[in-house]
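Chain and residue survey
Next come the chains, spelled out residue by residue.
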Amino acid sequence: MPSYASPSPDLEGETKSQHPKQAFRTSERAAFLILRRLCADEPAIVLTSGALDGLQGLEIKMQFMLLFSRQGKLRLQKWYEAHPDKVKKKITRELISTILARKPKMSSFLEWKDLKIVYKRYASLYFCCAIEQEDNELLTLEIIHRYVELLDKYFGSVCELDIIFNFEKAYFMLDELMVGGEVCETSKKNVLKAIAAQDLLQEVSYGETAYEL
Amino acid sequence: MSSIKQVINDAVEKGKEVYEKVRQPNPIRLRDLIRQIRSAKTAAEERAVVNRECAYIRLTFREEDSVWRCRNVAKLLYIHMLGYPAHFGQMECLKLIASPRFTDKRIGYLGAMLLLDERQDVHLLITNSLKNDLNSSTQFVQGLALCTLGAIASPEMSRDLAGEVERLLKSSNAYIRKKAAVCALRIICKVPELMEMYLPATRSLLSEKNHGVLITGVTLITEMCRQSPDMLAHFKKIVPNLVRILKNLIMAGYSPEHDVQGVSDPFLQVKILKLLRILGHEDSEASETMNDILAQVATNTESSKNVGNAILYETVLSIMDIKSESGLRVLAINILGRFLLNADKNIRYVALNTLLRVVHADNSAVQRHRTTILECLKDADISIRRRAMELCFALINSNNIRTMMKELLSFLETAEPEFKATCSSKCVLAAEKYSPNVRWHIDTLLKVVQAAGNHVPDDVVSSAIQLISDARTEQAYAVGELWRHLSVAQLEFQPLIQVATWCIGEFGDLLLNGQADVTVVESELIEVYQRILWSSQCSIPTKEYALTSLMKLSARLSHEVGSIQQVVSAFGSHLNIELQQRGIEYNQLFTRHGHMRGALLERMPPFENNRIQENDKIALTNGVDASPDNQALLNDFTAPNNNANENYESNALLDLLGGMDPGESNAVQPSTTPAPVTAPAPAVNSDILDLLGGLDSTPAAPVPATNMNDTMSSGQSTNSSNSAYLLDGLLNNSTPIITSLNPAATTASNTLTTPAVQKTSSIPGINAYNKNGIKLDMTFEVQETVTTINMQATNNTGTNVTDFLFQAAVPKSLQLQMLNPSSTSMAPTSTLNQIIKVNNPNKVALRMRIKLSWSANGSLVQDQGEISNFPPALWQ
């Protein structure tokens, strides 16, 4: 596990013992970050002395979730890691074609770049999540299933058309179940309660100019 | 004044609305747009609808229509999902977020999450809105802001809003606390130094009843422990709490709220198991505390459904990762064994994956499930087959090799092309390691070569050849088998033909004198060779094998030598230059140098070691008359893959170290006898050795041994520069060293050393930096594209300098390698050295950006600059 806290152990150790003052450490941190930005600007520049090892501390659980139809039409996309639009489109295209080409006998998992892709088909819709190597793919299937159950409760036997015409509601539901790629509510009841309360709030907030989207 | 403005604004607003109504009464509803788009019959039609709507939406955005902004942004989001550009909606999302209406905020934040990500500049603007909403009195507004922050926070946003999130983490409202915990997680991922700030609030999250807060709290702690060893140590003490929570979960009766198919909150259970795994890793005390509960989870969890298996899977991972009892580990592996029999392919897949991870730790426990694993080789799912194959190779040992190899060979025959290369390589390795006897080994290799067809990697060909050349007693058998295959072979499979022709060329006499258990007539032999040599299906390397082999046969056959000569001389006009050259050269052996033919074409001695084998080109031409380009290969030190050289490098290293002893100087010799192929290589290496042998007699500081290790083992391509580098410490004393050269040193050494010495002396050193009492001087040596910069830093500050750190960056087309500095601290007026190597393949002008930092008198000094006064001789 790369950890930021000790990018260069000896450097850090020495600083601590010789200069216990917080101020010094912060200034060094700042220098460090400037350096880091420097190398972000010019990717080919090599920085040295091992000082920059282990900066990749990002551990976002679920990287993204995609919903798409059997015809390959994207129905929902939720990204928990920043990518330029072009990259997102490319990833989406690649995954959709890969998954649609898989045979029903195959498992619901595939390795793609350094991610694990977990997908499951519900009627005409594919639900597809990208997770980290260390993550539990069986549990990811459960998360997908939980999401489907929630949609089902909310729309009343949900179908693809519900999600097409109420895509924003599907997003709202996902945001109550997961934040930043992490499950944040494990009770169906609580999720549905929060959604209902917000829907109500929305109606109130229409006020006199009541209109729908 | 302001009221007048108000009136005017109102009037303008009204006018706008009127205009709006005249032009188009209301923007169409989202669902109507979706319907329109869906009813489009062609892509062009859809594009037209979208373009028209986008144009309209742009117009309303320009007109600052706030009434319908929400609807328009929602439509834009739909259009965005279809793949059309929608970036022009970003600012509108921000405006929606700033609106007081909840609907606007909800759509605005949704749009922000979809249209912006952390790369966008608009982030400064959204940070303010987020700050406001995080302080809102409505929990759902706070919730929206937290959710957005959790999804798109950038490092800058994280810093700006960390305080707000910390406050919300202590909120009395569980709905807010759980979302704040995920935000905190995102923030510490982006800016790890903010971690400590969240520590107090995080600790209290574990005493929660609410599962949402618990699960996010556990996740947050997991991330903290992953990121920092300090945090890991700190959280060791929560192991009993976690155990208790987990126990309550599995012991408590049915709770409808968190039940999933009879399992109580699997999401939370898995998160806790994961955290236990991190806390118990390499910690026997913590592991001891969790042993019981892991056993309980492993035995009590219902395994008929996916959800139970998800927990079991996580439990197995935790058991295998901590210092658990051996009984528990067996239990874990048995769970995986049960998984392998599961009807659900997903579960079989994770079982194989996990077994692969643990097979090296508990091989014997995994062995028990061998037959099940072998069954998985026939699975319908390709990724299951791949895992099963890898696992099978991990399970092979000398007891089961026969059965395992049988299964793997039949797998290899039917396997997808993408498997064949790895599978055949691994079969060969396994056979090499565990084969019960030579004949079985040969049989196996031949079967592998046959089964894998053209997907056999080159190293398999050469190890088959080596094996046969080594096994004197089995050569007749092997050549007979090979002949049997070759005489009926489909010519499209090159590797088999290559092995067969090589062996028949070497041992053709065994084939003809009947030792090989088959009867072959010479003319048959020639016929097969003709078929190979004139076939369009055979590759050039195969024909090279065949031609050389045929030539060898000319010394083994008695009647058909004439027809061999015919074939060989026909190649004198072949289109391929290599074949043509061989044709001409071999023809010479029939005519002008006929008397040498018999001696030249004798059997090759058995190969001595594996490494020479790796390059099958050398293997092939080894015993044959070395063709000019073969010689060139050996003389050229930059040739890749010259394996033999590596051997000598390691010897050289040993000798180098030995050479540091005064007593042993000049007595350094390569310790093994060079193979004929590599004759020039040891000569050069011994030069270096001898040079260094002279080293101990001079006061020049020896380069630290680790550095030598580096340079000696670095790739062949830098070999020549390495030698120069080794020399550089000796330059001051170059005369005595050169005189101390071993007389055996050949001309090769002179060509290597002399130019290096001259060249370095002709490049002037530079003063790269002289400020704040620190002076940097650089001297250079150039060897082809590699410039070695010897940087010397001098401390003129008058005080002790510590933590001296020199960093450098060069333009993209250059590669930079920095070796460790001789020290990181300098007493007044003392110096330190650091070697920097720059590879400049394109010979561009060298520039270097440098950054220096050091501490003097307890304060940190930093500076940076650019060096552009490098002497042009470095790259010209």
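Described below are features of the structure shown in this document. (Residues numbered from 1 in each chain as written. Chains lettered and ligands numbered in written order. Predicted model: local features only at pLDDT ≥ 70, side-chain atom pairs only at ≥ 80, totals over all residues. Heavy atoms only, no water.)

Quick look at the overall build of chain B now. Each helix and strand counted, chain B has 42 helices and ten strands in total. Per-residue burial over chain B gives 56% buried out of 876 residues. Taking the contacts inside chain B whose residues are at least 6 apart along the sequence as the reference set, 67% of them involve residues at least 24 apart. A total accessible area of about 36800 Å² is found for chain B, and carbon and sulfur atoms account for 52% of it. (Helix = DSSP H or I, 4+ residues; strand = E, 2+ residues; numbered from the N terminus. Buried < 20%, exposed > 50% of the residue type's maximum accessible area, 1.4 Å probe, protein only. Contact = heavy atoms within 4.5 Å. Areas by Shrake-Rupley, 256 points an atom, 1.4 Å probe, with all protein chains shown as cover.)

Our next topic: the environment of Leu199 of chain B. All names here are of chain B. Among the structural elements, Leu199 can be located in helix 11 (residues 195–205). Residue classification places Leu199 among the buried residues on the basis of a relative accessible area of 13%. Leu199 has contacts with Met224, Met231, His234 and Phe235, leaving out every residue within four places of it along the chain.

This part is about the pattern of salt bridges. All names here are of chain B. Counted under the stated rule, the structure contains 43 salt bridges over all chains. A salt bridge links Arg386 to Glu418; the nearest nitrogen and oxygen atoms lie 3.2 Å apart. In this pair, Arg386 sits in helix 22 (residues 382–395) while Glu418 sits in helix 24 (residues 417–434), placing the two residues 32 residues apart along the sequence. Connected through shared salt-bridge partners, Glu64, Arg69, Glu92 and Lys95 make up one network. (Salt bridge = Lys/Arg side-chain N within 4 Å of Asp/Glu carboxyl O.)

Residues and elements named next belong to chain B. Relative to strand 10 (residues 859–867), strand 9 (residues 848–856) runs antiparallel, the two sharing nine bridges. Along strand 10, the bridge assignment pairs Leu852 with Asp863. Between strand 9 and the antiparallel strand that follows it, strand 10, lie two residues; Asn857 among them carries a positive phi value of about 55 degrees. (Pairing = 2+ DSSP bridges.)

Moving on, we get to the sheet that holds strand 5 (residues 125–131) of chain A. All names here are of chain A. With antiparallel pairing, five strands are arranged side by side in an open sheet as 2-1-5-4-3. Pairing within the sheet leaves two strands with one partner each, and these edge strands are strand 2 (74–79) and strand 3 (109–112). The sheet shows a mean angle of 20 degrees between the axes of neighbouring strands, taken without regard to direction. (Axes fitted to C-alpha atoms, helices over the stretch in contact; angles between N-to-C directions.)

So, on to the interface of chain B and chain A. Opposite the 105 residues of chain B that make contact, chain A presents 96 residues. Between chain B and chain A, the buried area comes to about 9100 Å², and carbon and sulfur atoms account for 57% of it. It is Met81, Arg106 and Phe267 of chain B in chain B that bury the most area against chain A; as a group they hold 9% of the surface buried on that side. At the junction of chain B and chain A, the tally comes to eight salt bridges. Here Glu182 of chain A ties to Lys271 of chain B by a salt bridge, and the two come within 3.0 Å at their closest N and O atoms. For the side of chain B that touches chain A, the residue count by class is 46 nonpolar, 24 polar and 35 charged. (Buried area = accessible area lost by both parts, 1.4 Å probe. Nonpolar A, V, L, I, M, F, W, Y, C, P; charged D, E, K, R; others polar.)

Glancing now at the packing of helix 8 (residues 139–152) of chain B against helix 10 (residues 174–190) of chain B. All names here are of chain B. Relative orientation of the contacting elements helix 8 and helix 10 amounts to 20 degrees, with a least axis distance of 8 Å. Taken together, helix 8 and helix 10 sit at an angle that is classed as roughly parallel. Here the hand of the crossing between helix 8 and helix 10 comes out left-handed. Facing Gln139, Phe140, Gln142, Gly143, Leu146, Leu149, Gly150, Ala151 and Ile152 of helix 8, the residues of helix 10 in contact are Tyr175, Ile176, Lys179, Ala180, Cys183 and Arg186. Of the residues assigned to the contact of helix 8 with helix 10, the class counts are nine nonpolar, four polar and two charged. (Parallel < 35°, antiparallel > 145°, perpendicular 65-115°, else oblique. Left-handed = near helix turned anticlockwise from the far one by under 90°.)

With that settled, consider the packing of helix 15 (residues 266–280) of chain B against helix 17 (residues 306–321) of chain B. Residue and element names in this part refer to chain B. Closest axis-to-axis distance for the helix 15/helix 17 pair is 9 Å, and the angle between their directions is 5 degrees. Relative to helix 17, the element helix 15 is oriented roughly parallel. Of helix 17, the residues touching helix 15 (which contributes Pro266, Gln269, Val270, Leu273, Lys274 and Arg277) are Val307, Ala310, Ile311, Glu314, Thr315, Leu317, Ser318 and Asp321. Tallied by class, residues from the contact of helix 15 with helix 17 come to seven nonpolar, three polar and four charged.

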